[in-house]
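Take a look at the letters that make up each chain.
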Amino acid sequence: MRSQLLTNNNLYDKVSLVPFTKKERCNLASQEEQPNRELLKIEYQECVSSGRFIVGIRFSYFVSFTTFFFILVGAFHYVWTSEVEALKQLRPGVMLAIAGFGFYTVIVAMILEKRSIQLYRTSDNRAADVEQLMGIKSGIRQIFMMPFRTQYLFIKKIPITHSMGIAMFYRAVASIWIVLILFSVYEIVYSFFRVKEACCG
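Rules used throughout
- Residues numbered from 1 in each chain as written.
- Predicted model: local features only at pLDDT ≥ 70, side-chain atom pairs only at ≥ 80, totals over all residues.
- Heavy atoms only, no water.
- Helix = DSSP H or I, 4+ residues; strand = E, 2+ residues; numbered from the N terminus.
- Buried < 20%, exposed > 50% of the residue type's maximum accessible area, 1.4 Å probe, protein only.
- Contact = heavy atoms within 4.5 Å.
- Areas by Shrake-Rupley, 256 points an atom, 1.4 Å probe, with all protein chains shown as cover.
- pLDDT = per-residue confidence, 0-100.
- Phe/Tyr/Trp six-rings, centres within 6.5 Å; stacked < 30°, edge-to-face > 60°.
- Core = buried A, V, L, I, M, F, W, Y, C linked by side-chain atoms within 4.5 Å.
- Expected span 1.5 Å × (residues − 1).
- Bend = angle between axes of the 7 residues up to and from the residue.

K.L.:
Lay out the overall build of the protein in plain terms, naming residues and giving numbers.
P.N.:
A count of helices and strands for the protein gives 7 helices and 2 strands. Split into buried and exposed, the 201 residues of the protein put 26% on the buried side. Across the protein, every contact between residues at least 6 apart in sequence was considered, and the portion connecting residues at least 24 apart equals 63%. In the form shown here, the protein has an accessible surface area of approximately 14,600 Å², with 65% of it arising from carbon and sulfur atoms.

Given below as structure tokens:
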């Protein structure tokens, strides 16, 4: 009867009124506190797979964003230098629309980048915890979580990390679009005064 109570995991046996010795209670408690190793392996694999998937998605949309950036810059240049009469009248507005949309894509890319970093770090942290639960000492994910000495550029102003490199690229692209937006606004104002002067003259 007692061995059945120790091996059975249902709630009825655990709350049974049959008295247990101190040793039996300790053994039962240790069995309940020990996580299932197979489940830990499955969770570890899921954490590692999630981390790899997030890294792959992160750099995929980075490449896509870079390609889209050059397409928009090409479209802006085409509109600016076009000699088509119909396009000349709409040129400042179209240029502003392209530049504004380009700046919008930078904001979207930055949001996705921040979220990807959060998810990746969460996966890595959980994988490191699972390694400890499985009794793995100095596992690869635990090493990733260890504080390390970061190298810097320009008198310890810019840390040499993937996140900082991508962030600097996004900031540079955002700056380009801001300049093009201001240039487009200038073209709109200049065109307005030119038309007004032509009408008055």
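K.L.:
Talk me through the environment of L112; I want residue IDs and the actual numbers.
P.N.:
Along the chain, the position of L112 falls in helix α5 (residues 85-133). Taking the C-alpha atoms as reference, L112 lies 8.9 Å from Y61; in sequence the two are 51 residues apart.

K.L.:
Which residues make up the confidence of the model for the protein, and what values go with them?
P.N.:
Of all residues in the protein, 75% attain a pLDDT of 70 or more, and the chain-wide mean is 79. Note on residues 1-18: pLDDT under 50 across the span, and 16 contacts to partners over four residues away in sequence or across chains.

K.L.:
Describe the packing of aromatic side chains, with residues and values.
P.N.:
Evaluated as defined, the whole model comprises 11 aromatic pairs. Ring centres of F62 and F169 lie 5.3 Å apart, and the angle between their planes is 65°; this geometry places the pair in the edge-to-face category. Pair noted here: F62 is in helix α4 (residues 37-81) and F169 is in helix α7 (residues 162-200), with a separation of 107 residues, a long-range link. Site record: aromatic cluster; members linked through ring pairs are F62, F65, F169 and Y170.

K.L.:
Now, about the environment of M110: what can you tell me, with residues and values included?
P.N.:
Within the secondary structure layout, M110 lies in helix α5. Ignoring sequence-local partners within four residues, the contact set of M110 consists of Y170 and R171.

K.L.:
How would you sum up the nonpolar core? Please name residues and give values.
P.N.:
With 18 residues, the main nonpolar core has F65, F76, V106, Y170, V173 and W177 as its most contacted residues. Of all the elements in the fold, those that place two or more residues in this core are α4, α5 and α7. Aside from chain neighbours lying at most four places away, what touches V106 is F65, Y170, V173, A174 and W177.

K.L.:
An account of α5 is requested, with residue identities and associated values reported.
P.N.:
Here α5 is 49 residues long and its end C-alpha atoms lie 71 Å apart, about the 72 Å a rise of 1.5 Å per residue gives. If you look at α5, its biggest bend is around 65°, right at R91, and the proline P92 turns up within four residues after that. Once α5 finishes, G135 follows within two positions and takes phi at roughly 85°, a positive value.

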